[in-house]
Structures are given as structure tokens and as C-alpha cells.
Amino acid sequence: MEFILKLISRLPFKVLYAISDIVYVLVYHVVGYRKKIVRKNLTASFPEKDEKELREIERKFYHWLCDYFVETLKLLTITPEEMKKHLEFRGLEKLVDVKKEGQGVSAFLGHYCNWEWLSAAKLYWPWQDAEMGLIYHPLRNEKFDRLMLNMRSSLGGVCIPKQHILRELVALRRKGQGYQFGYIFDQSPKWDSIHLWLDFLNQKTPVFTGAERIAKKVNDLVVFVSMERPERGKYIANYYIISDNPNELPEYELTKRGFAMLENDIRKHPEFYLWTHNRWKRTYDEYLKKIEKEKL
């Protein structure tokens, strides 16, 4: 399977996007992949938009989603030189002195634009001896898990299971080695992992706070990675500093600021957000009922 995917990955972007156009017709118009969830999410997130506007976002989203799949597949064989033609990083000059201060970098990001391509960050980093990577949740399917790890590590990134990340960061700090690790912080937490609800896209939303807790424990410089897609096959990753001293901020302030920045990006171009994820399946009313039940 991986051999076949690598062969497909070697196709030029022009051909891959032609494949994406065909897959779009199948996924959106024929299969209707998760269309009910997408429509529910869009309607709740943008109550001010009429049906025509929502359908336009929906169509653009599915077209981008198919592009996302072929772009991510390209990670199996893309060269550093070719990646640099398609991905630009801005704002890294703000991080040059981080290593001198003995800090690492915690990068907050959402499921927006092609987050998988950020695994190429080491190609752009101002200090090349830094450990660059992301925190991930191992997949149940071992073959698919291995495939994703191969994609994410193809350009120098490392993948650390979330249960091991704190130990890894402490070890890097002891060695005096710089690092950046990315946290996709807009996942849907399980009931027993909910510590914070935010108003996000017009909805009461349970959010993970683990990235903030880890960043504070190791006193990382915390940034938000805001992505743009100015044209097909071109992404720009902009780095914005949330805090260079996270322990000075009140509890959950890092998370609140990160989500505010993510929502700002989504409202500009909602078609680049992952609307197929059922992130609002746990409601605040259900949460309150569970709390009351536990008190009895």
C-alpha cells in the first residue's frame, strides 16, 4: 500500500491537483462524505450567513479538503528544495534569541490550512541543531500510523506520543538543546478531560488545555502559527508570539488567546478549516447534567 502511495506521491503537483478535482466530485457530489456534520457545523458557526453563502463555503471546503489529501501524500517524496517553493515561513526572526535565553518553543495551531506541512519547519529554522516536531496521538491502525509517521518525519520532523512529550522536553532542556513542538489544540476532549469551555465560533466549546500546562511547566516561548493559502499549492505560515513568559499569565489565558487567533483566521477564510470533525458532539448542557449527577 505504502509503495503505491509513494508512486502516486511522485506525480507533479499539477497532476495531483487534477486527481483532487476528480476526487472532489466523488467525495462531495456522489458520496457526500460527512456532509450532515459539515452543514451542522457551518450553520451553527455562521448564523449570520444565508444558505447560499453556507453552500459556497461548503463547496470550497470540500475542494480544499481533497487538495489537502494529495498535498499531505506528497510529503512521502517531496524534496526540501521543492517544499520551499510551496511553503513560506514568516516571523521566525522573532525566535532567534530564544535558544540564548534557554527556552524552547511551543507552537499552537489548529486544523486550518495544511497543518501537516508544518512538519517541514526544520528546513526554515534559524538554528539547525534544534529538535523540531509535533505531539500526536498514536492511531489504532498500525499500518496507517506508520504511514502518517513517515509523512510527518520526511523533512526532519520528529513525532512524540502525547504521553511522552513532557519527559522529552525536560530531557532536551537538560541537554541545552533548542526545540519547537507543535500542538494541534482544537481537538475534542473526552468528558473527563474537559477543564475549560470557550465561546468559539458562536458555540460553547470544550477545549484541551494540556498544551498550555506543558508550556508553563517548561516555560516555553509560546507562539500561534497562523496559516494562509494565497493560491493553490502555496501556503504561508506566520508566527505570532502569544507569550515569552507563560507563567506570568492567568490560568487558561494562553489557550483563550490561541483560540481567539484561530477563530480570526477561520472567519477570514472558513473554507480552510476542518469542518468534517464532529468537535461539538459534547454540549455544555450535557456537561452540566453530568456535573449535577456526580454531585448526587
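Let me begin by describing the structure that accompanies this report. (Residues numbered from 1 in each chain as written. Predicted model: local features only at pLDDT ≥ 70, side-chain atom pairs only at ≥ 80, totals over all residues. Heavy atoms only, no water.)

### Things to note about unusual backbone geometry
Trans peptide bonds make up most of the peptide bonds, and negative phi angles are found at most residues other than glycine. With a phi angle near 55°, Cys113 is a residue other than glycine that sits in the positive phi range. By the element assignment, Cys113 lies in the loop between strand E2 (105-109) and strand E3 (131-136). Look at Cys113 and you get buried, because its relative accessible area is 0%. Phi is positive for Leu201, which is not a glycine, with a value near 55°. You can see Leu201 is positioned in the loop between strand E6 (196-200) and strand E7 (203-207). (Helix = DSSP H or I, 4+ residues; strand = E, 2+ residues; numbered from the N terminus. Buried < 20%, exposed > 50% of the residue type's maximum accessible area, 1.4 Å probe, protein only.)

### Points about the side chain of Asn114
Within the fold, Asn114 resides in the loop between E2 and E3. Of the polar contacts made by the side chain of Asn114, one reaches the backbone nitrogen of Glu116; its length is 3.1 Å. (Polar contact = N/O pair within 3.5 Å; in protein donor to acceptor, adjacent residues only side chain to side chain.)

### Observations regarding the environment of Arg229
Note that Arg229 resides in strand E8 (residues 221-231). Its relative accessible area of 14% is what places Arg229 among the buried residues. Sequence separation between Arg229 and Cys113 is 116 residues, and the spatial gap between their C-alpha atoms is 6.9 Å. Sequence-distant contacts of Arg229, defined by excluding residues within four places in its chain, comprise Tyr17, Trp64, Asp67, Glu71, Cys113, Lys234, Tyr235 and Phe272. (Contact = heavy atoms within 4.5 Å.)

### Considerations on helix H2 (residues 13-31)
All of the buried residues in H2 are Phe13, Leu16, Tyr17, Ser20, Tyr24, Val27 and Tyr28. In this structure, the buried side of H2 is in contact with helix H1 (2-9), helix H3 (35-45), helix H4 (51-74), helix H5 (80-86) and E8.

### Focus: the pairing of E3
Across the six residues that make up E3, a large majority, five, are buried. As judged from the four bridges shared by E3 and strand E5 (residues 179-184), these two strands associate in the parallel manner. By the bridge assignment for E5, Gly133 is matched with Phe181. Looking at chain direction, E3 and strand E4 (residues 158-161) are connected through four bridges and run parallel. (Pairing = 2+ DSSP bridges.)

### Re the sheet that holds E5
Backbone hydrogen bonds hold the strands of a sheet together, and the pairing may be parallel or antiparallel. An order of E1-E9-E8-E2-E5-E3-E4 is seen for the seven strands of this open sheet, with the pairing classed as mixed. Because the sheet does not close on itself, it has two edges, and the strands there are strand E1 (87-90) and E4. Geometrically, the sheet is characterised by an average inter-axis angle of 30° between neighbouring strands, direction not taken into account. Each of E3, E4 and E5 touches helix H7 (residues 165-175); the most contacted strand, E5, lies at about 160° to it. Of the strands in this sheet, E2, E8 and strand E9 (234-243) are in contact with helix H9 (residues 253-268), which crosses E8 at around 5°. (Axes fitted to C-alpha atoms, helices over the stretch in contact; angles between N-to-C directions.)

### Digging into the pattern of salt bridges
Taken as a whole, this structure holds 18 salt bridges when the rule is applied. For Asp67, the salt bridge identified is with Arg232, shortest N-O distance 2.9 Å. Placement of Asp67 in helix H4 and of Arg232 in the loop between E8 and E9 is noted, with a sequence separation of 165 residues between them. A salt bridge links Glu88 to Arg90, with the shortest nitrogen-to-oxygen separation between them at 2.8 Å. Look at Arg90 and you get partly exposed, because its relative accessible area is 38%. Among the ionic contacts, a cluster of salt bridges with common partners joins Asp21, Asp67, Glu71, Arg229 and Arg232. (Salt bridge = Lys/Arg side-chain N within 4 Å of Asp/Glu carboxyl O.)

### Description of a nonpolar patch on the surface
Taken together, the side chains of Phe3, Ile4, Leu7, Ile8, Val15, Ile19 and Val23 present a nonpolar region at the surface, about 570 Å² in accessible area. When contributions to the nonpolar patch are tallied by element, the ones reaching two or more residues are H1 and H2. With four residues, the top contributor of residues to the nonpolar patch is H1. By the element assignment, Ile19 lies in helix H2. Under the relative-accessibility criterion, Ile19 is labelled partly exposed at 33%. (Patch = residues over 30% accessible without salt bridge, like charges linked within 9 Å, V, L, I, M, F, W, Y side chains within 5 Å. Areas by Shrake-Rupley, 256 points an atom, 1.4 Å probe, with all protein chains shown as cover.)

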